[in-house]
Amino acid sequence: MAISPRKLRYDVYSYSYQNDSNTPLVISVLASLINRTLARNERIGRKCVAGMSGSKTMVFDCHETPDMTIQSYLERIFRYTRAGPSVYVVAYVYIDRFCRSHPEFRITGRNVHRLLITTIMLASKYVEDMNYRNSYFARVGGITTKEMNSLELDFLFLMNFKMHVNVSVFESYCCHLEREVSIGGGYHIEKTLRCAEEIKSRQRGFNQITRITL
């Protein structure tokens, strides 16, 4: 399925939850952007003898690289939280601000999942009127509630609690996502078959969460 800038903009501002099978287009665009960043950082990392991440930002590192793609992880978060497209745009703002505030930090396969669940949870609290508890986000993200609470506080302090996103900033990041689509000539997203466990969990509703561990 080709994603055009117009489709992306319409999806962000006019998304409907009537069709549960539709995953917001912004998830695929965000996943593609992050994958490109991971590939670039991996090339840079090979040229560096020591890691660049500072001790403060290493709180997002997992012991091992999780065996789940960014696309699948974002789809999982959406499936169980139903966070709207604007939440992912704001989460993208937070990630970009964080990387700019901490130039020593690089997104890697070991820290990207925890960074995503943390920023999406915080963005959901900022954007949405009603939210799940931290414990629920922790289950969805594959970490413990204690880890989720700790990551939230660490991120807030590392950001100096600068979490406000005004309309002009939100619009500028939407435009950036649209430009990424335009430059790429439109992203082509392949819909892969879900595994049996995911299909069963969807049929049972959202009360039962397929367990993962980061």
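Named according to an unreviewed UniProt entry, the protein chain is Cyclin originating from Cynara cardunculus var. scolymus. In the Sequence similarities (unreviewed entry) part of its UniProt record, the protein chain is described as follows: "Belongs to the cyclin family. Cyclin U/P subfamily."

Caption draft 1: Spotlight on the overall build of the protein chain. Summing up its helical and strand segments, the protein chain has 9 helices and 2 strands in all. Reading the protein chain from its N end, one meets helices and strands in the order β-α-α-α-α-α-α-α-α-β-α. Taken across its 214 residues, the protein chain has 46% of its residues classed as buried. Taking the contacts inside the protein chain whose residues are at least 6 apart along the sequence as the reference set, 83% of them involve residues at least 24 apart. Accessible surface, the protein chain: about 12000 Å² in total, of which carbon and sulfur atoms supply 53%.

Caption draft 2: Main features of the packing of helix H5 (residues 112–127) against helix H6 (residues 134–141). Running from amino to carboxyl end, H5 crosses H6 at an angle of 145°, the nearest separation of the two axes being 10 Å. Judged by the twist between their axes, the crossing of H5 over H6 is right-handed. Seen from H5, the contacting residues are Ile 117, Met 121, Ser 124 and Lys 125; seen from H6, they are Asn 134, Phe 137 and Gly 141. Grouping the constituent residues of the contact of H5 with H6 by class yields 3 nonpolar, 3 polar and 1 charged.

Caption draft 3: Expanded view of the nonpolar core. With 59 residues, the main nonpolar core has Leu 74, Tyr 88 and Phe 155 as its most contacted residues. Every element with two or more residues in this core is listed here: helix H2 (25–47), helix H3 (70–81), helix H4 (85–101), H5, H6, helix H7 (145–158) and helix H8 (167–183). Ranked by the residues each element gives to this core, the list is headed by H4, at 10 residues. Among all residues touching Tyr 88, those that are not within four sequence positions of it are Val 26, Ile 27, Leu 30, Leu 74, Ile 77, Phe 78, Thr 81, Ala 83 and Ile 120.

Caption draft 4: Geometry of H7. For H7, spanning 14 residues, the distance from its first C-alpha to its last is 20 Å, which sits close to the expected 20 Å at 1.5 Å a residue. Along H7, the residues classified as buried are Met 148, Leu 151, Glu 152, Phe 155, Leu 156 and Leu 158. Summarising the axial view, the buried residues of H7 lie within an arc of 165°, below the 170-degree limit, and thus occupy one face. Projecting away from the buried face of H7 at angles above 90 degrees are the exposed residues Lys 146 and Phe 157.

Caption draft 5: Structural detail: the environment of Thr 37. Mapping Thr 37 onto the fold places it in helix H2. Overall, Thr 37 belongs to the buried group, its relative accessible area being 19%. Here the alpha-carbon distance between Thr 37 and Ile 107, two residues 70 residues apart in the chain, equals 7.2 Å.

Quick notes on the rules
Residue positions are given per chain, counted from 1 along the sequence in the order it is written. The predicted nature of this model means local features are confined to residues of pLDDT at least 70 and side-chain atom pairs, given and counted, to a pLDDT of 80 or more, with totals for whole chains, interfaces and linings taken over all residues. In computing side-chain properties, one takes all heavy atoms of the structure into account and sets aside hydrogens as well as water. UniProt positions are given in the numbering used here, feature names are shortened, and annotations may be inferred rather than shown by experiment. Every helix listed is a DSSP run of H or I at least four residues long, and every strand listed is a run of E at least two residues long, numbered separately from the N terminus. Exposure is judged per residue with a 1.4 Å probe applied to protein chains only, and the accessible area is read against the type maximum: over 50% gives exposed, under 20% gives buried, and values in between give partly exposed. Every residue pair with non-hydrogen atoms within 4.5 Å of one another is taken to be in contact. Here the accessible surface of atoms and residues is derived via Shrake-Rupley with a 1.4 Å probe, and residues count as covered only by protein chains that are part of the display. Fitted lines through C-alpha atoms serve as axes, helices being fitted only where they are in contact, and the angles separating the N-to-C directions of these axes extend from 0 to 180 degrees. Left-handed describes a crossing in which the near helix is turned anticlockwise from the far one by less than a right angle; the clockwise case is right-handed. Think of it as three bins: nonpolar holds Ala, Val, Leu, Ile, Met, Phe, Trp, Tyr, Cys and Pro, charged holds Asp, Glu, Lys and Arg, and polar takes everything else, Gly as well. Throughout, nonpolar core names a set of buried Ala, Val, Leu, Ile, Met, Phe, Trp, Tyr and Cys residues whose side chains join them through atoms within 4.5 Å. Here a helix's expected span is defined as the number of its residues, less one, multiplied by 1.5 Å. Comment: arc refers to directions from the helix axis out to C-beta atoms.

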